[in-house]
Every structure is written in structure tokens, then in C-alpha cells.
Amino acid sequence: MSIKVKDLSKHFSSQKAVDSISFEAKPGRILGFLGPNGAGKSTTMKMLTGYLAATSGSIEICNKDILTDGLAIKKQIGYLPENTPLYTDMYIREFLSFVGETYQIENLTHRVEDVIKQVGLTPEQHKKISMLSKGYKQRVGLAQAIIHNPQVLILDEPTSGLDPNQLADIRTLIKNLGQDKTVILSTHIMQEVEAICDEVIIINKGKIVANATIDELKAQNKTNSLEEVFRKLTN
Amino acid sequence: MAYITIGIFLLACALLLWYFPDTSLLDYGYAELNGFFSLVPFLFMFLIPAITMRSFAEERREGTYVLLATRPLSDLQIILAKYLACIVLLLFALIPTLVYYYSIYQLGLPKGNVDSGAVIGSYLGLFLLGNAFTAIGIFTSSITKNQVIAFAIAVFLCFFAFNGFDSLSKLFELNYLETVLINLGINEHYQSISRGVLDTRDLIYFISFVLVFLGLTKFVIGGRKW
């Protein structure tokens, strides 16, 4: 269930948000998507999930083209958008059941129960989403992304705004999920990349400036800190 | 929010039909609901945009539309689901008003002296009119992020579609344009159904009206840039 991206571009009028990028992501690997703000990370992710149409280039997920098999692909993707938009006037269970129904999941109540346990929402499970703290909202966002057990997970800044305990929980969860799925996540936290990512893509001004494993990157740039690599490549 | 909107609609109906002397059915003296059926389109002009304004505008503002768009659903499914949800609310607003029919039925002299055929036709007409207004509301909600703007444009378009063509046609009196313009307006078809005669032309008019606006919505949603 791999992702293959070829010469992908997205132009917003005259601005090239994403400029002809190509990369691959394989199952069982967690791919970290790094780059300064406005580099085109979120735009790329939106195109991968079929939310935005690409200006040019192709995206293949599970050997299917996103333009021709959009609906089939969307069943295999779990997506956590940036800033975690949620229907805040719904209850957690109500919202997760609603999401589950769009995938026509069998035995839905059971699955909702499982997911709530998996992301650690149990103590808050009877609340309305608007009453939750940021960290718990983030968990609801993660829960809606994994409820249909997708083969591909695309997480846009999954750990922003979490406290250190929650951070550790969510990282372990993502790492476990990454064992048999293709995971792409974007983040600004370098320790996080070192902790959970297998491979790293650094993107700057819409172009890929690095695509390698963490060790390779460090060796290439003759330094021991990923932060230094990041600053060197994007400054 | 929907309950409050429906509540206000029913309150306004009740006040205008039974209480305010100018429009009261009781003072009118005849056991018929014509007053009600000529009043409701104007209430719908405000009620329906208030129900529909949220559907896409708020989703865009809050960014939750991405949650729907990345599901295995087509744009058409999303639009139709939102449309039907609003229609269900519309029915909930309409059903309690059947009480008025019952009251008039009891008040008739002799009892039951009401043109039931015309009432059934008028309810059908109201339902179709509501469908047309809902389609307008869904469309205006899709073109903006601001609910207030969506509401205002929808009210204007509903009013224009209902009444505007009639007024416009007066500019071209005794001209073939006059009939064309009158037939473009909702009012003409609404009145025709209200008489209790269901003409396929009127039915086709309302169905195409709804399809045009839902089609426009699909066009706007499909070419999204947000």
C-alpha cells in the first residue's frame, strides 16, 4: 500500500506552493515531512487526501491513481487535518459514529468503543467535543482518522499543542500504527522526528531539498543534530 | 438552533393568522386558508435561508468541510445530504400547521365546509416552493464563508424568484416577454398548484429549478480553492 508521487505541483494563481515534487512512501515506515511554515507541507497533504486537485503531476496510492479512483483511495486513507477541525457541537461517540457511517463500517458501536480506548479518550468519552481540552480534541481527530483502519495515514502536525505526557502517548500510538501502515506526518519538532520517523523529507519553498533516512542525513551534512541539518537546508 | 427557527416560524404563523386583526382568518369570515397560503411564502423567504445558511458557509469557516471532502463521498452525495436534511426540517415546520386545517374544518358552517382539494394542492405547492427556496439557500451558502452574507443573498434571491419576475413582467405589458417572465417566476406556478390542479408543467418547473441550483452548487464546490 505505497504512495507514489510524481512531479506533483500546485499553483495558487502565480504562487507555486508545491513545485514538481516526487517521492515514495512504503508501508511499515513512518515518513516525516519537515519544512518551514509555508513550505507546502499541508498543501501536499491536502492533495494526497484528494481534497485539493493538483495543478500537474500524479499521485498513486495502493497502485491506483487519485484522479480516476478517488473514492476507492479515500476509503484507504486516514487524514488528520492541521488545526484539527471537528464538529464541536457533537458528542464524541456521536461524531465517531457519524464518521464511521461514511465508511459503512460493520459493527460500528464496537469499533467506536475500540478506537476510544486506543487513543485514550475513555475518561472523557461522554463529553461534547466543544468541552474538551486541546489535547483531547487532538485525540478525537486521531480517532476519526483511524476508525476505518486505513492502510495509509496522513497526519498534519498531530502533536501540536499537547503536554509532555500526552505527547509521549500519542507518539507511541503513531509508532504502533506505523508498524503495518504507511504513515506520513508533518511536524516542527526535531526530537519527534528522531523519536518516531524512519525517513525524512525536508521541503522548502515547494521543493524537496532532502529525502533520506535520519542517519544518512546526518552523515551527508557531517553533523549530529537534525536541527542543524534543517537550518542549513532551509535557510 | 433549528428548533428555535421553526418555533419562531410557527409563532409568527399563529399570530398572523389568528391574532393580528389585519390578517386574521377569524375576522375574514370565510372558512378557507387562502390567507395562510399567501402568507407562508413570505415567511419561508426568511425561515428557509436561516435554516440553509449554515450548511456550507460554516463548514468552510470552521475548516470542517475537509472532514467531509476526504471521506469516500462524492460532492453530489454531500450536497444532496445537506439538501435533504434541510427539507426534513422544512417538513417539521410545515406539519404542525395542519392544525389550522383542522380548526378551519371545525369552524366551517356547516362543519367541514372547506375546499379540501385546494388545501391539499396548496400544501403540495408550499412543499415544492420550500424545495425551490432550499435549493437557493444551499447554493448561496456554498458561495461564501460568511453565514450572514449567505442569508442575505438567499433572502433576496428567494424574493426575486418568487415575486421579482412578476414585477419585471409589468415592464413589458402586452408583449410576449410578459408571459415568458411570468412563467419564470415561482409565484405563477405556486398559484397554479394551489388551485388544486397538479399540472406536470409546474412539477417540471420546480424540479428543474431545484436541479439548476444544486447543479450550480456542485459547480462551486467542485472548483473549490479554499
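The structure displayed is predicted, hence computed values, not measured ones.

**Details of the overall build of chain A**
Part 1 of the argument: On a plain count of helices and strands, chain A comes out with nine helices and ten strands.
Part 2 of the argument: Its C-alpha radius of gyration of 18 Å places chain A within 12% of the 18 Å reference for a compact globule of 235 residues.
Part 3 of the argument: Along the three orthogonal principal directions, the C-alpha set of chain A runs to about 50 × 40 × 35 Å.
Part 4 of the argument: Of all 235 residues assigned to chain A, the portion counted as buried reaches 42%.
Part 5 of the argument: At a minimum sequence separation of 6, the contacts of chain A that also span at least 24 residues come to 65%.

**A short note on the sheet that holds strand β2 (residues 15-25) of chain A**
Residues and elements named next belong to chain A.
Part 1 of the argument: What the four strands build is an open sheet, ordered β2-β1-β4-β5; its pairing is antiparallel. One side of each edge strand has no neighbouring strand; the edge strands of this open sheet are β2 and β5 (64-65).
Part 2 of the argument: Relative to strand β4 (residues 56-61), strand β1 (residues 3-12) is paired through five bridges, and the arrangement is antiparallel. Of the residues in β4, the one forming a bridge with isoleucine 3 is isoleucine 61.
Part 3 of the argument: Sitting on the sheet, helix α1 (residues 41-48) touches β1, β2 and β4, and the angle it makes with β1 is about 120°.

**Observations regarding the pairing of strand β9 (residues 199-204) of chain A**
Residues and elements named next belong to chain A.
Part 1 of the argument: Counting buried residues along β9, five of its six residues qualify, which places the element largely inside the surrounding structure.
Part 2 of the argument: Alignment of strand β3 (residues 30-34) against β9, held across four bridges, turns out to be parallel. Counted as the bridge partner of leucine 31 is glutamate 199 from β9.
Part 3 of the argument: Here β9 runs beside strand β10 (residues 207-213); their pairing, made up of six bridges, is antiparallel. Within β10, the residue paired with isoleucine 203 across the bridge is isoleucine 208.

**Here we look at the sheet that holds strand β7 (residues 152-156) of chain A**
Residue and element names in this part refer to chain A.
Part 1 of the argument: What the six strands build is an open sheet, ordered β6-β7-β8-β3-β9-β10; its pairing is mixed. Strands at the two margins of the open sheet, each flanked by one partner only, are β6 (77-80) and β10. Neighbouring strand axes in the sheet, compared pairwise and without regard to direction, differ in orientation by 15° on average.
Part 2 of the argument: Two strands pair when backbone bridges link them, and β7 and strand β8 (residues 182-186) are joined in this way by five bridges, in the parallel orientation. Pairing of aspartate 156 across the sheet is with serine 186, part of β8.
Part 3 of the argument: Each of β3, β7, β8 and β9 is contacted by α1, which is oriented at about 150° to β7, the strand it contacts most.
Part 4 of the argument: The strands that helix α8 (residues 214-221) touches are β9 and β10; relative to β10, the one it contacts most, it runs at about 110°.

**Let's talk about the environment of B:Ile186**
All names here are of chain B.
Part 1 of the argument: Along the chain, isoleucine 186 falls in helix α11 (residues 186-194).
Part 2 of the argument: Accessibility expressed as a C-beta count within 10 Å gives 26 for isoleucine 186, which makes it buried.
Part 3 of the argument: Sequence separation between isoleucine 186 and tyrosine 101 is 85 residues, and the spatial gap between their C-alpha atoms is 24 Å.

**Quick notes on the interface of chain A and chain B**
Part 1 of the argument: Contacts between the two partners involve 15 residues from chain A, matched on the other side by eleven residues from chain B.
Part 2 of the argument: At the level of elements, α2 (70-74) and β6 of chain A are the ones that each hand at least two residues to the side of chain A that touches chain B.

Each value, and the rule that gives it
- Residues numbered from 1 in each chain as written.
- Chains lettered and ligands numbered in written order.
- Predicted model: local features only at pLDDT ≥ 70, side-chain atom pairs only at ≥ 80, totals over all residues.
- Helix = DSSP H or I, 4+ residues; strand = E, 2+ residues; numbered from the N terminus.
- Rg over C-alpha atoms; globule rule 2.2 N^0.38 Å.
- Buried ≥ 20, exposed ≤ 12 C-beta atoms within 10 Å, placed from the backbone.
- Contact = placed C-beta atoms within 7 Å.
- Pairing = 2+ DSSP bridges.
- Axes fitted to C-alpha atoms, helices over the stretch in contact; angles between N-to-C directions.

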